[in-house]
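# Coordinates in review
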Amino acid sequence: MMAGEPQALDRSHATRVGALISALCAGTGERCLSEYSFTNLWLFRREHRYRFTDGPWPYISGFTYDGAHHAMPLFALDRAPADVIDGLLRHHDCLYPVPLAQAQQLDPLRYQHTASRDDADYLYPADHFRHYRGALLNKKRNLMKQLLKGHGVQAAPYGPGWHDQARAVLDGWMHDKGKPAGSADELPCREALAAAGALGLEGFGYAVDGEPGGFVLAEALQPGVYAMRYAKSLNRFKGLAQYMFHHFCTERTEVHWLNFEQDLGLPNFRQTKQSYQPETLLDKCRVVGCR
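Scope of this entry: the structure provided in the associated data block. (Residues numbered from 1 in each chain as written. Predicted model: local features only at pLDDT ≥ 70, side-chain atom pairs only at ≥ 80, totals over all residues. Heavy atoms only, no water.)

## Quick word on the nonpolar core
Soluble globular proteins tend to pack their nonpolar side chains together in the buried interior. Definition in use: Each nonpolar core is a collection of buried residues, namely Ala, Val, Leu, Ile, Met, Phe, Trp, Tyr and Cys, held together in the definition by side-chain atoms within 4.5 Å. We call a residue buried when its accessible area falls under 20% of the maximum for its residue type, exposed when it is over 50%, and partly exposed in between, using a 1.4 Å probe and counting protein chains only. Numbering of helices and strands starts at the N terminus; helices are DSSP runs of H or I of at least 4 residues and strands are runs of E of at least 2. Throughout, a residue-residue contact means that at least one pair of heavy atoms, one from each residue, lies within 4.5 Å.
With 70 residues, the main nonpolar core has Phe 129, Leu 240, Phe 248, Leu 258 and Phe 260 as its most contacted residues. Here the element with the most residues in this core is helix H10 (residues 240–251); it accounts for 6 residues. Here Leu 240 is in contact with Leu 147, Val 153, Tyr 206, Val 208, Gly 213, Gly 214 and Ser 233, once residues within four sequence places are set aside. By size, the runner-up hydrophobic cluster in this structure holds 16 residues, among which are Leu 89, Leu 95, Val 98 and Cys 285.

## Comments concerning the packing of helix H7 (residues 138–150) against H10
Here is the rule we go by: Lines fitted to C-alpha atoms define the axes here, with helix axes fitted over just the stretch in contact, and angles between the N-to-C directions of these axes take values from 0 to 180 degrees. Orientation is classified from the angle alone, with under 35 degrees giving roughly parallel, over 145 giving roughly antiparallel, 65 to 115 giving roughly perpendicular, and any other angle giving oblique. Note on residue classes: Ala, Val, Leu, Ile, Met, Phe, Trp, Tyr, Cys and Pro are nonpolar, Asp, Glu, Lys and Arg are charged, and everything else, Gly too, is polar.
Running from N to C, H7 and H10 cross one another at 100°; their axes reach a closest spacing of 8 Å. When the axis of H7 is compared with that of H10, the two are roughly perpendicular. Two secondary-structure elements touch here, H7 through Lys 140, Leu 143, Met 144, Leu 147 and Leu 148 and H10 through Leu 240, Gln 242, Tyr 243 and His 246. When the residues that make up the contact of H7 with H10 are grouped by side-chain class, the tally is 6 nonpolar, 2 polar and 1 charged.

## So, the side chain of Thr 64
Note the following rule: Nitrogen and oxygen atoms within 3.5 Å of one another constitute a polar contact, given that in protein one can donate a hydrogen and the other can accept it, and given that sequence-neighbouring residues count only through two side-chain atoms.
Secondary-structure assignment places Thr 64 in the loop between strand S3 (59–63) and strand S4 (69–73). A polar contact is formed between the side chain of Thr 64 and the side chain of Asp 66, at a distance of 2.3 Å. In contact with Thr 64, other than residues within four places in its own chain, are His 48, His 70, Tyr 96 and Arg 286.

## Here's the deal with the sheet that holds strand S5 (residues 94–99)
Sheet strands associate in pairs through backbone hydrogen bonding, adopting either a parallel or an antiparallel arrangement. Just so we agree on the cut-off: Two strands qualify as a pair provided that DSSP identifies no fewer than 2 bridges between them.
Judged by pairing direction, the sheet is mixed, and its 7 strands sit side by side in the order S1-S2-S3-S4-S5-S14-S6 without closing on themselves. Edge strands, defined here as strands with exactly one partner in the open sheet, are strand S1 (7–8) and strand S6 (111–115).

## Concerning the state of the cysteines
Two cysteines form a disulfide when their sulfur atoms are joined by a covalent bond. What counts, and what does not: Two cysteine sulfurs form a disulfide in these notes if their separation is within 2.5 Å.
Summed over the entire model, instances satisfying the criterion amount to 0 disulfides. Note on Cys 94: no disulfide assigned, nearest cysteine sulfur contributed by Cys 285 at a separation of 11 Å. With relative accessibility at 2%, the residue Cys 94 sits in the buried group. Not engaged in a disulfide, the cysteine Cys 249 finds its nearest cysteine sulfur in Cys 32; these two sulfurs lie 17 Å apart.

## Description of unusual backbone geometry
Omega for the bond connecting Tyr 96 with Pro 97 falls within 30 degrees of zero, at -10°, which places this linkage in the cis form. As for its position among the elements, Pro 97 is in strand S5. Not every positive phi belongs to a glycine, and Ala 184 is a case in point at roughly 50°. Position of Ala 184 among the secondary structure elements: in the loop between helix H8 (163–176) and helix H9 (186–194).

## Structural notes on the side chain of His 48
Tracing the chain through its elements places His 48 in helix H3 (residues 45–48). Within the structure, the side chain of His 48 is placed 2.8 Å from the backbone oxygen of Phe 63, a separation counted as a polar contact. The residues touching His 48, leaving out its near neighbours within four places in the chain, are Gly 62, Phe 63, Thr 64 and Tyr 65.

Below is the structure:
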């Protein structure tokens, strides 16, 4: 069987790509990488120029943030003939993102893999946010307590009725961060807010003293494992970010792990994500042929 023609990724591919990802990631639990989601791929289709190629060995192709042309196999590498993998590598700079466990199963005389700290997902037990126990998380707990002592905070499940408020929060967040329009993840976030239910995103909107102050949208990657896709709060509400994570995990008792995705090598991202004390970082490997 021949591979199909590459097609720009769009929502017509949701069922097929979603099924492939579900089969590939079944049983991976908390070690499922945050990219393995049709929703995430579609939301960032412009930034990475994602294309889907169907066939007996289907894959997503695109470009990493540092410009590498990569293929993301939607099949288990250890079940693929070497000529399939070699064929992908002839037309791409690397295979990415490949879970470390899969990369380690490849013939080391034929393929090599590397992983960048900038790409690694941050993984946390949900109980970190439910309790903020211990000296290292004490500041998070105190910020949350100060917020709740000084303000009335109301949470509502995110839905169409909170769309306008969430857009206002996003506008304020962009202003707080000094980001020009269209930068950061503004456009994907707007699309996520507009179509959250259809995209399998769920979360809450938060008002502080009656004013929209923040929101979270998360996606189930595996049973009990959620990727925190968007978490935005206004700077003037100190402690709201900490409260939003606490509230989400407290309300959603089925959540056992939160994945905060990668830090992209950005110092502020890294400092913030590290401050919540991740249990581990999940490597995303780039696989290339041995030269």
